Amino acid sequence: MKQAYFLPFYIGILAWACVFCVKAEDPYRNFNWVITYGQISPLGVLQRGILINGMFPGPTIECETNDNIIINVVNKLDEPFLITWNGIKQRKTSWQDGVLGTTCPIPPNSQWTYHMQVKDQIGTFSYFASLGIHRAVGAFGGFNIQARPVIFVPYLKPAAEFTLLVSDWWTSDHKALRQRLDSGKALPKPQGLLINGSPRATSFTGQTGQRYLFRVSNVALTTSINFRIQGHTMTLVEIEGAHTLHESYKSFDLHVGQSASFLVTLNAPAKDYYIVASTRFTKPVLTATGILHYAGSTAKASLPLPIGPTYQVHWSLKQARTIRWNLTANAARPNPQGSFHYGTIPITRTVVFANSKANIDGKLRYAVNKVSNVNPATPLKLADYFNIPGVFKLNSIKPMPPVGPVILTPSVIGFTLHDFVEIVFQNNENSIQSWHLDGYDFWSVGFGDGQWNSTLRKKYYNMNDATSRHTVQVYPKSWSSILVSLDNKGMWNLRSANWPRQYLGQQLYARVWNNEKSLFTEYDIPQNALRCGKAK
Ligand SMILES: *[C@@H]1O[C@H](CO)[C@@H](O)[C@H](O)[C@H]1NC(C)=O
Ligand SMILES: *[C@@H]1O[C@H](CO)[C@@H](O)[C@H](O)[C@H]1NC(C)=O
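Conventions adopted
Residues numbered from 1 in each chain as written. Chains lettered and ligands numbered in written order. Predicted model: local features only at pLDDT ≥ 70, side-chain atom pairs only at ≥ 80, totals over all residues. Heavy atoms only, no water. Core = buried A, V, L, I, M, F, W, Y, C linked by side-chain atoms within 4.5 Å. Buried < 20%, exposed > 50% of the residue type's maximum accessible area, 1.4 Å probe, protein only. Helix = DSSP H or I, 4+ residues; strand = E, 2+ residues; numbered from the N terminus. Contact = heavy atoms within 4.5 Å. Arc of directions from axis to C-beta. Pairing = 2+ DSSP bridges. Axes fitted to C-alpha atoms, helices over the stretch in contact; angles between N-to-C directions. Near = heavy atom within 4 Å. Polar contact = N/O pair within 3.5 Å; in protein donor to acceptor, adjacent residues only side chain to side chain. Areas by Shrake-Rupley, 256 points an atom, 1.4 Å probe, with all protein chains shown as cover. UniProt positions renumbered as here; feature names shortened; annotations may be inferred. Phe/Tyr/Trp six-rings, centres within 6.5 Å; stacked < 30°, edge-to-face > 60°. Lys NZ or Arg CZ within 6 Å of the ring centre and 35° of its normal. Salt bridge = Lys/Arg side-chain N within 4 Å of Asp/Glu carboxyl O.

A. Fine view of the nonpolar core. W33, F81, W85 and F143 are the most contacted members of the largest nonpolar core, which has 48 residues in total. Broken down by element, the residue count for this core peaks at 4 residues, all from strand β7 (residues 123-129). With residues up to four places along the chain from it excluded, the contact list for F81 reads I35, I50, V73, N75, P105, I106, A129, L131, H134 and A139. Judged by nonpolar contacts, the second largest core, of 31 residues, contains V166, I225, A288 and Y294.

Structure below.
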């Protein structure tokens, strides 16, 4: 009796408390990551790699929707270090994003702890070192978020899951690669392609008749890949956190920075089969293989390797249009993904970003709307928070491609919190582009050839069941359009996922803002925030 009497009171207290401690009820996962140099030889040549807790690739983060992820990063390198979390939305806290515009680098021989919550997210993601060209020699890994047990996932539970990270590789030291970029030269072509750190040796074992989930991420610096498994079809079930319609593919293109999950049933004669990743739109074509091993079998995989597309651009574009959102499937929360009718929301603003290559004082640079980003010593987010003048100019980048020469400056565009924005990526170059937005997922609504104009919306936009994702490709001499609901306040990196381009200026920051200071829209600066530059 007494208990019952007090119950409403306790619930009231709980509800009240939770306004301030929403995070407290979700589980915590703690990691301590020590970053060191170590000798590795993925292509048979001994070289200096960057390891996480002695591992190359780094450990895979396995977690569940809404978990709090606490990662203490101990930097034992001889240079500053940061990690960014590719596709983890960092709701209300761009402070944790781990890029130079939001976070001071972790100095050598010191540590810093990331605090993030994978709020309302499911799916296959990745992480990687974000400074310089560190990720060319390691410091990347998988980041998998399972749905909570109470959420019905729109596919049968696999017998096991495999995480595959595909990367391009150089046998050069990262300092040599960086020096080359700093001196204004392009990176040389990659020398090899790896699956989980090896060009040939990675093996996955399954039982005949069982179904497996392959979580595949393109963590390459420069190249799109095609992925396929000999003798098997792959059913796409998830792409960057969105459940898709269950389309079957013989092979699938993943562009730089993208991830996808496939269900594969082991329904072929029991033996070994080649898993293949090969580069797209490159000459020569680089290939990495792994093995899908049927438990108990002894027959080796047989050549030839299954073929995949190499240069065919139109093939890729056509395939991209087959990727569809399952409107009735649950999202990370128990509501249908399609309950948010993005196609009916009025667009409040359109911006067009055109990439270009420039030569400035004899050095190669890359630009967006004629601005080649440079990172000031003071992170933009800290300059904003502490009102430090002279670090960046808001709207230093124009919302439409301007005429005139390329300039070097911190590149920042202002948006109003809750804007619903159409971003068109216009690629007038001959190479494929890959664009990534931190802090969000966006609807990848359209791809087309040539110059974009507003009349193309009607013909080419999927306003019904395009998937939401964090990275979109832009084909050569083409455009790609995205729609994004800017509901996450902060300073967010919009970048070329192609790392040398990003490093040499093809990136900018979207400052999503309103003047009302409230912890409901943005968390305060973390107590452990590092100080650097003018924020020291
Ligand atoms: C979409 O999701 C629903 C609900 O989970 C599921 O029943 C259906 O099979 C899925 N449809 C396709 C085509 O994948
Ligand atoms: C828009 O682009 C299409 C395709 O390139 C072209 O046919 C059309 O004339 C353009 N419309 C305008 C108004 O520029």
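Moving on from the model shown.
B. How the structure looks around the environment of G209. By the secondary structure assignment, G209 is in the loop between β11 (202-206) and β12 (211-218). G209 gets classed as exposed once you look at its relative accessible area, which sits at 53%. Measuring from C-alpha to C-alpha, the distance between G209 and A268 comes to 8.5 Å, with 59 residues separating the pair along the chain. In this structure G209 touches T265 and L266, once residues within four positions along its chain are discounted.

C. Fine view of helix α3 (residues 313-320). Buried within α3 are the following residues: S316, L317, Q319 and A320. Buried residues of α3, seen end-on, are gathered within an arc of 165° and therefore sit on one face of the element. Turned more than 90 degrees away from the buried face of α3, the exposed residues are H314 and K318. If you follow the buried residues of α3, they end up packed against β16 (248-249), β17 (251-254), β28 (442-449) and β30 (471-474).

D. Summary view of the sheet that holds strand β2 (residues 47-52). What the 4 strands build is an open sheet, ordered β2-β1-β4-β6; its pairing is mixed. The open sheet has two edge strands, β2 and β6 (110-117), and neither has a second partner. Each neighbouring strand pair of the sheet contributes to a mean axis angle of 20°, computed without reference to strand direction. Relative to β2, strand β1 (residues 28-40) runs antiparallel, the two being bridged by 6 bridges.

E. Broad picture of the site of ligand 1. Residues in contact with ligand 1, as listed here, are F152, P154, L245, H246, N326, T328 and A329. Contact distances for ligand 1 include 3.4 Å between an oxygen atom and a backbone N or O atom of H246. Across the complex, the protein chains shield 56% of the 360 Å² of accessible surface that ligand 1 would expose by itself.

F. Structural view of the UniProt feature "domain: Plastocyanin-like" (unreviewed entry) in the chain. The positions UniProt marks with the feature "domain: Plastocyanin-like" (unreviewed entry) are residues 35-148, 161-296 and 378-516. This span, residues 161-296, is 7% helix and 50% strand, and a straight line between its end C-alpha atoms measures 19 Å.

G. Examining the site of ligand 2 more closely. Neighbouring residues of ligand 2: N453, T455 and L456. Here ligand 2 loses 32% of its free accessible area of 360 Å² to cover by the protein chains.

H. Just unusual backbone geometry, in detail. Cis geometry is adopted by the peptide bond preceding P57, which originates at F56 and carries an omega value of -15°. Within the fold, P57 resides in the loop between β2 and β3 (61-64). For N109, which is not glycine, the phi torsion reads 55° and is therefore positive. Structurally, N109 can be placed in the loop between β5 (83-86) and β6. With relative accessibility at 67%, the residue N109 sits in the exposed group.

I. Focus on the packing of aromatic side chains. Overall, the coordinates contain 29 aromatic pairs when judged by the stated rule. A ring pair is formed by Y342 and W443, whose centres lie 5.0 Å apart and whose planes are at 20°; its orientation type is stacked. In this pair, Y342 sits in the loop between α3 and β21 (349-360) while W443 sits in strand β28, placing the two residues 101 residues apart along the sequence. Taken as a pair, Y342 and W443 share a single burial class, namely buried. Through a chain of ring-to-ring contacts, the aromatic side chains of F31, W33, W85, W112, Y114, Y127 and F143 assemble into a single cluster. For R135, the ring lying beneath its charged end belongs to F128, and the centroid distance is 3.7 Å. One cation-aromatic arrangement involves R135 over W499; the distance from NZ or CZ to the ring centre is 4.7 Å.

J. A look at helix α2 (residues 174-182). Regarding α2, the residues found buried are H174, L177, R178 and L181. Down the axis, α2 shows its buried residues gathered within 95° of arc, on one side only. Summarising the contacts, the buried residues of α2 are in contact with β1, β2 and α6 (499-503). By the N-cap criterion, in which a side-chain oxygen at the helix start approaches the backbone nitrogen of a residue two or three places on, α2 is capped by D173, the distance to K175 being 3.0 Å. Looking at the residues trailing α2, positive phi occurs at G184, about 90°.

K. Structural view of the pattern of salt bridges. As enumerated under the stated definition, the model contains 17 salt bridges in all. Of the charged contacts in the structure, one is a salt bridge between K175 and D78, with a shortest N-O distance of 2.7 Å. Linking K175 in helix α2 with D78 in the loop between β4 (68-75) and β5, this pair joins segments that are 97 residues apart in sequence. Ionic pairing is found between D120 and R333, a salt bridge with its closest N-O pair at 3.3 Å. Of the two residues, D120 is situated in the loop between β6 and β7 and R333 in the loop between α3 and β21; the sequence distance between them amounts to 213 residues. Of the residues examined, D120 reaches a relative accessible area of 23% and is grouped as partly exposed.

L. Structural context of the pairing of strand β20 (residues 287-294). With 7 of 8 residues buried, β20 lies mostly within the body of the structure. Here β11 runs beside β20; their pairing, made up of 5 bridges, is parallel. Opposite G206, over in β20, you have Y294 as the bridge partner. The sheet contact formed by strand β19 (residues 272-279) and β20 spans 7 bridges and is antiparallel.

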